[in-house]
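# Secondary and tertiary structure notes
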Number of protein chains: 2
Amino acid sequence: MKIVSIINIVKNTITIGSNIIIQGWVRTIRTSKTGISFIGIYDGSCNSLLQIIAYDKLSNYKNEILRITSGCSLVVTGVLKKSPGIGQYFELEAYKIKVIGWIKNPDSYPISAKYHTLEHLREFAHLRPRTSLIGAITRVRHTLAQAIHRFLSEQGFFWVTTPIITTSDTEGAGEMFRVSTLDYNKLPRNNIGEVDFTKDFFGNESFLTVSGQLNCEAYALAMSKVYTFGPVFRAEKSNTSRHLAEFWMVEPEVAFASLNEIIIIAEKMLKYIFNAVLVERYDDMLFFVRNIDKKVIVRIESFKNFNFTQIEYHNAIEILNTCNKKFEKQVFWGIDLSSEHERYLTENYFNSPVIIKNYPKDIKAFYMRLNEDNKTVAAFDILMPGVGEIIGGSQREERCDMLDNRLDEMSIKKENYQWYRDLRCYGTVPHSGFGLGFDRLISYVTGVSNLREVVPFPRTQRSALF
Amino acid sequence: MKIVSIINIVKNTITIGSNIIIQGWVRTIRTSKTGISFIGIYDGSCNSLLQIIAYDKLSNYKNEILRITSGCSLVVTGVLKKSPGIGQYFELEAYKIKVIGWIKNPDSYPISAKYHTLEHLREFAHLRPRTSLIGAITRVRHTLAQAIHRFLSEQGFFWVTTPIITTSDTEGAGEMFRVSTLDYNKLPRNNIGEVDFTKDFFGNESFLTVSGQLNCEAYALAMSKVYTFGPVFRAEKSNTSRHLAEFWMVEPEVAFASLNEIIIIAEKMLKYIFNAVLVERYDDMLFFVRNIDKKVIVRIESFKNFNFTQIEYHNAIEILNTCNKKFEKQVFWGIDLSSEHERYLTENYFNSPVIIKNYPKDIKAFYMRLNEDNKTVAAFDILMPGVGEIIGGSQREERCDMLDNRLDEMSIKKENYQWYRDLRCYGTVPHSGFGLGFDRLISYVTGVSNLREVVPFPRTQRSALF
């Protein structure tokens, strides 16, 4: 007898009349007065439940089937039939139902069939994947991650695992997590009383990485096209729905690519993965339309046909300055755009994703390439309505003398970036890259606004449970 | 004019006679007495160099081409021709060569054309991807990672990002890295003088994960088939060629699967990915045959046709006890097999990969399922000749009372595993999973024995450079 997943049935690959086995968890159950139980079973393979028809002639009907509650695990053997019910095509007429696992104290089961708030579910991050919402998010996350790997691989990129533990800080500053094996009660100290990190595991003060970019550049300058896709960390004390202390980033890096060339790749990648999620997870996307945000399909579908709007930073400033909206933060050339400005541009003015290019150098990182005007750097951000920055990237400064100037200007010690400077001394080439915040991408695609819902076990300030 | 990668030429997708642009780095250069320079250019897209023919009629021949050294970056425009040379099919007759980046002080270029030891290259981890060896490893790593994602996705698995920062320890013990933002010079202390971790970033003592398994189990018990593929960390002070402090693991977890079912999946996955690397990276595999280990292709090819040998742990003990070899560590029922035992079984006795099943419970983790004999657990390891354990897995203890017994036996506090116990109280099902050490896999496939060569930027005791 064949064990099948519900998705195989939904996709019409199982012949009506087949004898099959289904394994899963009860989502719904109701019993008619005529002695038939209707059990909605879920196995995670897709958004749909499969309806099980259980007649009272089953040997364990009275002592087991009637005691089943939401969450019980079952193995059901039966025959697949066309369903006479509205809104479902298939049902399984059971001739054997084995209860594998019961629910201890069904009344206090934390994710029982009744409605729960997202905040409540967050406290049960180990059980919430059993809900329709987290199930749908999990499948969409999977599909987007696979599509990213597939797209980049097809374009000739190689996936590179850049280090998680690092002794350097990509952004020059930023709040980082320390990694150590030193005993807090016996901290080794040097002769001027400072903690002696030469005694620590790595023989050096070590941190969790905030970005794999610099390491990725080393590989791009050998392999031409590479990307990282891994976790990065920020110890920011901003406890908002848009921040996580641990999140995943996709960081492609391309040798010989200019700013405009890397923007084309970024846009092409977004279009590719949006198409993949519509093709492969349409049922889950419909779930988000019905339950979260009715526009999620329409807005990603519209991208497939239109190029993203591109504007220069100075144009963005002009638009913000000449519109009639009052912003909390004053707008002038030189400011870093804040969330209110980004929202106005994407949600009000353009009502679409917007690419902003060539930012003032003083608000950007040392490694971005200085433009001819000596005032701006070849940086770009892709802003999304409702989400804000989803991609940030730049052409990198490949000229050693210019890089040194920037390091000096920003009072960054050159000796800390010796290996990075080497890349410019030996066969340097123009190159560009970007970072895509994977969790923000999921938030954008699903319409689920709090990042704590789109990652399995979120890590935020004062919370690293499970 | 079309910019092409060398792999496109090698794969015969560019018509002979086409005008094309090649971008890359010089690997070799020699100049004939008749005024022709032969430049071997590499762009990372595949193992092959493309030969550039540069005649002295080029305008920058004397002042630039003749000064080119290994490592310089070039953009070459030319016409693709059939090569009259032996061992190469194509060459590019240049009509324009632009030198993009020179090599500063070619005599001291750390990875100049001459031979360097692996130890020397390790000190230049930012430049070593420019060598044939690290290039080939990078492409094979990429192909194996993609094949893993593709295989599991095709089998209905969902990729889940399990947390990197954790407040629990999967293995019960084990050396872990602490993650903290506390200031070492002002450690907060509670009223009995202990460090007060409620003041730390996560409000709790936090560590880097050693495995995503427990979190993966929570998702398997909702989505049926899931896997993690991410970095894990061990602060082991064993500075050998087989250990890294930071490495990547693939951890599939399958609901309703028994030990034998998960073994079938593990074996099928290995066969699938070995096949992928032979199909997609045959040229790189030939490079390893020529330069590292002449058996690498033969041994992975042989797997495609044979099932792996499976033996019970007690059979392994018998074999080791009755063979005539003397081992340093005495062999009897109850010991954990050490490297010399594993090597004897895989390299001498069976001369093939070996799966060992059902180990004594006392040498295995608390979460492994107790067998009927009350002495062994449903665990398995896959051992490879030359590499040792590449996969370790088990059926998990899904019975709450049995799990509690094991926690008690091993003096592990139940309250620390409350959420994990919940998974057994609410709709529990038999389930199984395994962990594949991704870096050891690369080592096995390429024949490169030191793990420091198979990861881009290795992290080991006293070393976290770049």
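Criteria and cut-off values
Residues numbered from 1 in each chain as written. Chains lettered and ligands numbered in written order. Predicted model: local features only at pLDDT ≥ 70, side-chain atom pairs only at ≥ 80, totals over all residues. Heavy atoms only, no water. Helix = DSSP H or I, 4+ residues; strand = E, 2+ residues; numbered from the N terminus. Buried < 20%, exposed > 50% of the residue type's maximum accessible area, 1.4 Å probe, protein only. Contact = heavy atoms within 4.5 Å. Areas by Shrake-Rupley, 256 points an atom, 1.4 Å probe, with all protein chains shown as cover. Lys, Arg positive; Asp, Glu negative; His and termini not counted. Charge placed at Lys NZ, Arg CZ, Asp CG, Glu CD. Domains from an automatic or database assignment. Buried area = accessible area lost by both parts, 1.4 Å probe. Salt bridge = Lys/Arg side-chain N within 4 Å of Asp/Glu carboxyl O. Core = buried A, V, L, I, M, F, W, Y, C linked by side-chain atoms within 4.5 Å. Pairing = 2+ DSSP bridges. Least-squares fit on C-alpha atoms with pLDDT ≥ 70 in both. Axes fitted to C-alpha atoms, helices over the stretch in contact; angles between N-to-C directions. Polar contact = N/O pair within 3.5 Å; in protein donor to acceptor, adjacent residues only side chain to side chain. Parallel < 35°, antiparallel > 145°, perpendicular 65-115°, else oblique. Nonpolar A, V, L, I, M, F, W, Y, C, P; charged D, E, K, R; others polar. Phe/Tyr/Trp six-rings, centres within 6.5 Å; stacked < 30°, edge-to-face > 60°. Lys NZ or Arg CZ within 6 Å of the ring centre and 35° of its normal. Left-handed = near helix turned anticlockwise from the far one by under 90°.

In this section: the overall build of chain A. On a plain count of helices and strands, chain A comes out with 13 helices and 17 strands. Considering only C-alpha atoms, chain A reaches an extent of 85 × 60 × 45 Å along its principal axes. Classification of the 466 residues of chain A by burial places 62% in the buried group. Considering only residue pairs separated by 6 or more positions, chain A has 66% of its internal contacts joining residues 24 or more positions apart. Surface exposure of chain A reaches about 19000 Å², of which carbon and sulfur atoms provide 48%. Positive and negative side-chain charges in chain A, numbering 56 and 51 respectively, have mean positions lying 10 Å apart.

Take the domain arrangement of chain A next. All names here are of chain A. What the domain assignment reports for chain A is domain 1 (2-114) and domain 2 (130-173 + 210-453). On a C-alpha basis, the centres of domain 1 and domain 2 stand 44 Å from each other. Carbon and sulfur atoms supply 37% of the area that domain 1 and domain 2 bury against each other, a total of about 760 Å² over both sides. In terms of surface lost to domain 2, no three residues of domain 1 exceed Arg27, Asn47 and Ile111, which account for 56% of the buried area on that side.

Let's shift gears to the pattern of salt bridges. Scanning the entire structure with this criterion turns up 42 salt bridges over all chains. The residue B:Asp408 makes a salt bridge to B:Lys414 at a minimum N-O spacing of 2.8 Å. Overall, the relative accessible area of 44% leaves B:Asp408 in the partly exposed class. B:Lys414 sits in the partly exposed class, given a relative accessible area of 25%. Each of A:Arg122, A:Arg128 and A:Glu453 takes part in one network of salt bridges that share partners.

With 298 residues, the main nonpolar core has A:Leu441 and B:Leu441 as its most contacted residues. In contact with B:Leu441, not counting residues within four places along its chain, are B:Leu144, B:Ile148, B:Leu270, B:Ile273, B:Phe274, B:Ile390 and B:Leu436. Of all hydrophobic cores here, the second largest spans 22 residues; its members include A:Phe177, A:Phe233, B:Ile164 and B:Ala464.

Pairing is antiparallel in the open sheet, where 6 strands are placed in the order 8(A)-10(A)-9(A)-9(B)-10(B)-8(B). At either end of the open sheet lies a strand with only one pairing partner, and these are strand 8 (165-166) of chain A together with strand 8 (165-166) of chain B. Sheet topology note: the strand 9 (residues 178-180) of chain B/strand 10 (residues 206-208) of chain B ladder contains 2 bridges and is antiparallel. Paired with B:Arg178 across the strands is B:Phe207, a residue of strand 10 of chain B.

Let us now look at the interface of chain A and chain B. In this complex, chain A contributes 108 residues to the contact, which on the side of chain B involves 108 residues. Surface buried jointly by chain A and chain B totals about 9000 Å² across both partners, of which 63% is contributed by carbon and sulfur atoms. When residues of chain A are sorted by the area they lose upon contact with chain B, A:Tyr184, A:Phe201 and A:Tyr426 head the list and together hold 10% of the total. In this structure, the connection of chain A to chain B is made through 0 salt bridges.

The next subject is the relation of the copies chain A and chain B. Superposing chain A onto chain B takes a rotation of 180° plus a shift of 0.0 Å along the axis, which leaves an RMSD of 0.0 Å. On this basis, the relationship between the two copies can be described by a two-fold rotation axis. Considering only C-alpha atoms, the part of chain A nearest the rotation axis is A:Val179, at 2.4 Å. Looking at chain A, 100% of its interface residues are interface residues in chain B too, so the copies touch through the same face.

Residues and elements named next belong to chain A. Strand order in the open sheet formed by 8 strands is 7-11-12-17-16-15-14-13, and the pairing between neighbours is mixed. A strand with exactly one partner marks an edge of an open sheet, and here the two such strands are strand 7 (158-159) and strand 13 (309-312). The sheet contacts of helix 3 (residues 132-154) involve strand 7, strand 11 (225-233), strand 12 (246-255) and strand 17 (431-437), and relative to strand 11 the element is tilted by about 155°.

The next point concerns the side chain of B:Glu91. Residue and element names in this part refer to chain B. In this fold, Glu91 is placed in strand 6 (residues 90-101). Despite its burial, Glu91 pairs with no opposite charge, the nearest such side chain being Lys81 at 6.8 Å. There is a polar contact of 3.4 Å between the side chain of Glu91 and the side chain of Ser83. Beyond its immediate sequence surroundings of up to four residues, Glu91 is in contact with Leu50, Gln51, Ile53, Val79, Leu80, Lys81, Lys82, Ser83 and Pro84.

Residues and elements named next belong to chain A. It is the contact of helix 7 (residues 296-303) with helix 12 (residues 438-446), at a shortest axis distance of 8 Å, that shows an interaxial angle of 110°. Regarding the angle of helix 7 to helix 12, the classification is roughly perpendicular. On helix 12, the residues touching Val296, Arg299, Ile300 and Phe303 of helix 7 are Tyr444, Val445 and Thr446. Tallied by class, the residues present in the contact of helix 7 with helix 12 amount to 5 nonpolar, 1 polar and 1 charged.

Residue and element names in this part refer to chain A. Most of helix 11 (residues 418-425) sits inside the fold, with 7 of its 8 residues counted as buried. For helix 11, the complete set of buried residues consists of Trp419, Tyr420, Arg421, Asp422, Leu423, Arg424 and Cys425. Contacts from the buried residues of helix 11 go to helix 4 (213-223), strand 16 (388-396), helix 10 (400-409) and strand 17. Trailing helix 11 by a residue or two, Gly427 shows a phi angle of about 60°, which is positive.

Residues and elements named next belong to chain B. Among the 11 residues of helix 4 (residues 213-223), 11 are classified as buried, and the element is accordingly described as predominantly covered. What helix 4 keeps buried is the set Gln213, Leu214, Asn215, Cys216, Glu217, Ala218, Tyr219, Ala220, Leu221, Ala222 and Met223. Looking one or two places after helix 4, you find Ser224, whose phi comes out positive at around 80°.

All right, on to the packing of aromatic side chains then. For any pair of aromatic rings, geometry is given as the distance between the ring centres together with the angle between the planes. Taken as a whole and judged by the stated rule, the model has 66 aromatic pairs over all chains. An aromatic cluster of at least three residues, connected via ring pairs, comprises A:Trp159, A:Phe229, A:Trp248, A:Phe438, B:Trp159, B:Phe229, B:Trp248 and B:Phe438. When the ring centre of B:Tyr359 is taken as reference, the NZ or CZ atom of B:Lys364 above it lies at 4.2 Å.

On to the environment of A:Leu49, then. All names here are of chain A. Structurally, Leu49 can be placed in the loop between strand 3 (36-42) and strand 4 (50-55). Taking the C-alpha atoms as reference, Leu49 lies 9.7 Å from Gly24; in sequence the two are 25 residues apart. In contact with Leu49, other than residues within four places in its own chain, are Arg27, Thr28, Gly40, Ile41 and Tyr42.

The next subject is the packing of helix 3 (residues 132-154) of chain B against helix 5 (residues 259-280) of chain B. When two helices pack together, their arrangement is captured by the angle between the axes and the distance separating the axes. Residues and elements named next belong to chain B. Between helix 3 and helix 5, the shortest axis-to-axis distance is 9 Å and the interhelical angle comes to 135°. Between helix 3 and helix 5, the angle falls in the class oblique. Crossing of helix 3 over helix 5 shows right-handed handedness. Contact residues: helix 3 offers Val140, Thr143, Leu144, Ala147, Ile148, Arg150, Phe151, Leu152 and Glu154, while helix 5 offers Ile265, Lys268, Met269, Tyr272, Ile273, Ala276, Val277 and Glu280. Its residues assigned to classes, the contact of helix 3 with helix 5 shows 12 nonpolar, 1 polar and 4 charged.

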